[in-house]
Amino acid sequence: MANFPKGFFWGGAIAANQAEGGFDEGHKGLVISDFTTAGTYSVPRMDTFKTKDGEIVYLGGLNPVIPEGAEPVTVEGEYYPNRIAIDFYHHYKEDIALLAEMGFNMFRMSISWARIYPNIIDDEPNQEGLDYYRDVFKTCKEYGVEPLVTMSHFDDPICLDTKLGTWENRRMADYFEKYARTIVREYKGLVKYWLTFNEINSQMPMVPPSTPASKVEGGICLNRLHTKFLASAKAVLAAHQEDPNCLVGCMIAGGPGTYPETCAPADMLAQIFKQQENYYCSDVQVRGYYGDYAKRIWKQYGATFEVTPEEERLLLAGHVDFYTFSYYMTQITSAEPAKAGPSGFPIFKKNPHLKYSEWGWAIDPDGLRYTLNLLNSRYQVPIMVVENGLGAVDVKEEDGSVHDPYRIEYHKAHFKAMSQAIMEDGVNCIGYTMWGPMDIISASTGQMSKRYGFVYVDRDDEGNGTLARSKKDSFYYIQKVYKSNGEDLD
Ligand code: BG6
């Protein structure tokens, strides 16, 4: 029996703000990550702003509240790694050629909204931005690589937060629809597969519902998410109108892969609630309506927004065509709530059965099989794993080689688990795009040294380096797997 079905999509994924650079080129508008400092595993990244009184403030966390009238500011002495990133903006031809050499037949990337509508409300799109992405997609086509394009990957134009009232403003859904319509129309025939918002559920409230902050912060997050659901539904409908052949998916962080800490009933209930939090976004985006448990979550977080009958009809009509998710790790849940870490992410208890990466992420290939099974039985739509990989420190040898057996082992184990899920368990998983095929800037820490790539990029955590690309050992392993459609995994 084959390991993977014929026509399976094999690829890798990047995001504009973590790879592109060219932050002030091509008439692009500014985005929040242009003002996000570098961090480490223990030092959180910060966004730098100047208040209307001239005070410099550092804002952290996943949903920073920008003081009224504050504007982003460049602080001398700070390093902003996303501004140049790995300069995919100028290296895309070389990078896509390397991906094709590895046998990629799919490449997930994102469009930066600020390159298309620098101020969101502009009447006309920015022609330079449109031309840039057109050439990227044409290059993909020349190599037989199918683009999978995320419309929004942690990359909102900054004016959204400083001038347009954040995602709490329901009009954002209309602006997003306009943007989606523009890009789908523009790239019809070049791009067939689209995703609306990357890891939309990363906007779920992070603070445990029992803390006082959760009542304000949690309610705001859920309200903002509601606008994003409306925006996603509008984008799906607009995309289908513009290009009836295109398919639009959702993108969810992590999937519902969690384990109860013990078999105590309270831990099991905590596990179910945690999974429901993970289903919160995909139920709306795939099924077209909020799950019954949403009422409990709204109550816990003090969310007070109304879902109008018209919005209900929109959500139902604008459900997505397929489900995608990022899979890096599983988590432990227990009745005792997880504490928030320095960057706002909760710190979960360690699973004694698993090994952990240098950045403390659980390595759990069987969890991928378990997650794929859960998702398949719940949604019954095609699934893609659109992020997965090992962030690790690589050593470049004097002769330029990089020996990364740990990365090969990681992918091999995940390929085997994915194959079992598809071929033995019957999961309808149609593709896999690992994260960061060439090294890029880490989203959580801003580091280059957290490398996922099969292609090494010469750049360090302070912005030094030639940006030259070179092949790691894993490059040849992946080439063998992808070119054999997963037949040769060892
Ligand atoms: C996902 C994001 O959460 O994880 C990516 O969609 C991110 O943008 C990836 O880069 C890996 O996380 P990190 O922090 O190691 O870059």
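Residues numbered from 1 in each chain as written. Predicted model: local features only at pLDDT ≥ 70, side-chain atom pairs only at ≥ 80, totals over all residues.

**Thoughts on the overall build of the chain**
Item 1. What the chain contains, in helices and strands, is 13 helices and 19 strands.
Item 2. Computed over its C-alpha atoms, the radius of gyration of the chain comes to 21 Å, within 12% of the 23 Å expected for a compact globule of 490 residues.
Item 3. Its C-alpha atoms give the chain principal-axis dimensions of roughly 55 × 55 × 45 Å.
Item 4. Each of the 490 residues in the chain was classed as buried or not, and the buried ones make up 47%.
Item 5. The contacts in the chain between residues at least 6 apart in sequence include a share of 76% that link residues at least 24 apart. (Helix = DSSP H or I, 4+ residues; strand = E, 2+ residues; numbered from the N terminus. Rg over C-alpha atoms; globule rule 2.2 N^0.38 Å. Buried ≥ 20, exposed ≤ 12 C-beta atoms within 10 Å, placed from the backbone. Contact = placed C-beta atoms within 7 Å.)

**With respect to the sheet that holds strand 16 (residues 383-387)**
Item 1. Here 8 strands make up a closed barrel; going around it, the order is 1-5-6-7-8-10-16-17 and the pairing parallel. Neighbour to neighbour, the strand axes of the sheet diverge by 25 degrees on average, direction disregarded.
Item 2. Where strand 10 (residues 322-326) lies against strand 16, 4 bridges are found, and the strand directions are parallel. Paired with phenylalanine 325 across the strands is valine 385, a residue of strand 16. (Pairing = 2+ DSSP bridges. Axes fitted to C-alpha atoms, helices over the stretch in contact; angles between N-to-C directions.)

**Brief notes about the environment of methionine 109**
Item 1. Relative to the helices and strands, methionine 109 resides in strand 5 (residues 106-110).
Item 2. When the 26 C-beta atoms within 10 Å are taken as the criterion, methionine 109 is described as buried.
Item 3. Remark: the alpha-carbon pair of methionine 109 and asparagine 464, spanning 355 residues in sequence, is separated by 25 Å.
Item 4. When neighbours within four sequence positions are excluded, methionine 109 is seen to be in contact with Ile14, Pro147 and Val149.

**Description of helix 13 (residues 473-483)**
Item 1. All buried positions along helix 13 are accounted for by Ser474, Phe475, Tyr477, Ile478, Val481 and Tyr482. Projected down its long axis, helix 13 carries its buried residues within an arc of 165 degrees, all on one side.
Item 2. Of the surrounding secondary structure, the elements contacted by the buried residues of helix 13 are strand 1 (9-13), helix 12 (405-424), strand 18 (455-457) and strand 19 (469-471).
Item 3. Note on helix 13: the residue one or two positions beyond its end, asparagine 485, has a positive phi of about 50 degrees. (Arc of directions from axis to C-beta.)

**Details of the sheet that holds strand 2 (residues 47-50)**
Item 1. Taken in spatial order, the 3 strands line up as 3-2-4 in an open sheet, and their pairing is antiparallel. Pairing within the sheet leaves two strands with one partner each, and these edge strands are strand 3 (56-59) and strand 4 (71-72).
Item 2. The pairing of strand 2 with strand 4 spans 2 bridges and is antiparallel. Its bridge partner being in strand 4, phenylalanine 49 is matched across the sheet by proline 72.

**Considering the site of the ligand**
Item 1. Lining the immediate surroundings of the ligand are 15 residues, of which Glu199, Gly391, Ser442, Ala443 and Ser444 lie closest.
Item 2. Of the residues in the shell around the ligand, the class split is 5 nonpolar, 7 polar and 3 charged. (Near = placed C-beta within 6 Å. Nonpolar A, V, L, I, M, F, W, Y, C, P; charged D, E, K, R; others polar.)

**Examining the pairing of strand 5**
Item 1. In terms of burial, strand 5 is largely enclosed, as 5 of its 5 residues are buried.
Item 2. Alternating residues of strand 5 divide into Met106, Arg108 and Ser110 and Phe107 and Met109, and every residue in both groups is buried.
Item 3. Bridging between strand 1 and strand 5 involves 3 bridges; their strand directions are parallel. The residue bridging alanine 13 from the neighbouring strand is arginine 108, located in strand 5.
Item 4. In this structure, strand 5 lies alongside strand 6 (residues 146-152), joined through 5 bridges in parallel fashion. Residue pairing across strands places arginine 108 opposite leucine 148, the latter belonging to strand 6.

**Concerning the environment of arginine 224**
Item 1. Mapped onto the fold, arginine 224 is located in helix 7 (residues 212-242).
Item 2. On the basis of neighbour count, arginine 224 is assigned to the partly exposed category, with 17 C-beta atoms found within 10 Å.
Item 3. Expressed as a C-alpha distance, the spacing of arginine 224 and valine 427, which sit 203 residues apart in the sequence, is 33 Å.

**Comments concerning the pairing of strand 17 (residues 429-435)**
Item 1. Across the 7 residues of strand 17, 6 count as buried, placing the element largely inside the fold.
Item 2. In terms of strand pairing, strand 1 meets strand 17 through 5 bridges, oriented parallel. Looking at strand 17, one finds that alanine 13 is bridged to tryptophan 435.
Item 3. In this sheet, strand 17 lies alongside strand 16 in parallel orientation, the contact comprising 3 bridges. Following the sheet pairing, valine 385 is matched in strand 17 by tyrosine 432.

**What about unusual backbone geometry?**
Item 1. One non-glycine residue, aspartate 87, lies in the positive phi region at around 55 degrees.
Item 2. Tracing the sequence through the fold places aspartate 87 in the loop between strand 4 and helix 2 (88-101).
Item 3. Look at asparagine 485: it is not a glycine, yet its phi comes out positive at around 50 degrees.
Item 4. Structurally, the position occupied by asparagine 485 is in the segment after helix 13.
Item 5. According to the C-beta neighbour criterion, asparagine 485 is partly exposed, with 17 such atoms within 10 Å.

**Focus on the nonpolar core**
Item 1. Ala180, Trp194, Ala235, Met418 and Cys429 are the most contacted members of the largest nonpolar core, which totals 128 residues.
Item 2. Counting residues per element, this core draws most heavily on helix 7, which supplies 12 residues.
Item 3. When sequence neighbours within four positions are dropped, the list of residues in contact with methionine 418 reads Leu368, Leu372, Val385, Cys429 and Tyr432. (Core = buried A, V, L, I, M, F, W, Y, C linked by C-beta atoms within 7 Å.)

**Considering the packing of helix 12 against helix 13**
Packed helices, taken two at a time, are described by the angle between their axes plus the distance between the axes.
Item 1. Helix 13 packs onto helix 12 with a crossing angle of 20 degrees between their chain directions and a minimal axis gap of 9 Å. Classified by the angle between their axes, helix 12 and helix 13 sit roughly parallel to one another. When the axes of helix 12 and helix 13 are compared, the crossing they make is right-handed. Residues Arg407, Ile408, His411 and Phe415 of helix 12 lie in contact with helix 13, whose contacting residues are Asp473, Ser474, Tyr477, Ile478 and Val481.
Item 2. Its residues placed into classes, the contact of helix 12 with helix 13 shows 5 nonpolar, 2 polar and 2 charged. (Parallel < 35°, antiparallel > 145°, perpendicular 65-115°, else oblique. Left-handed = near helix turned anticlockwise from the far one by under 90°.)

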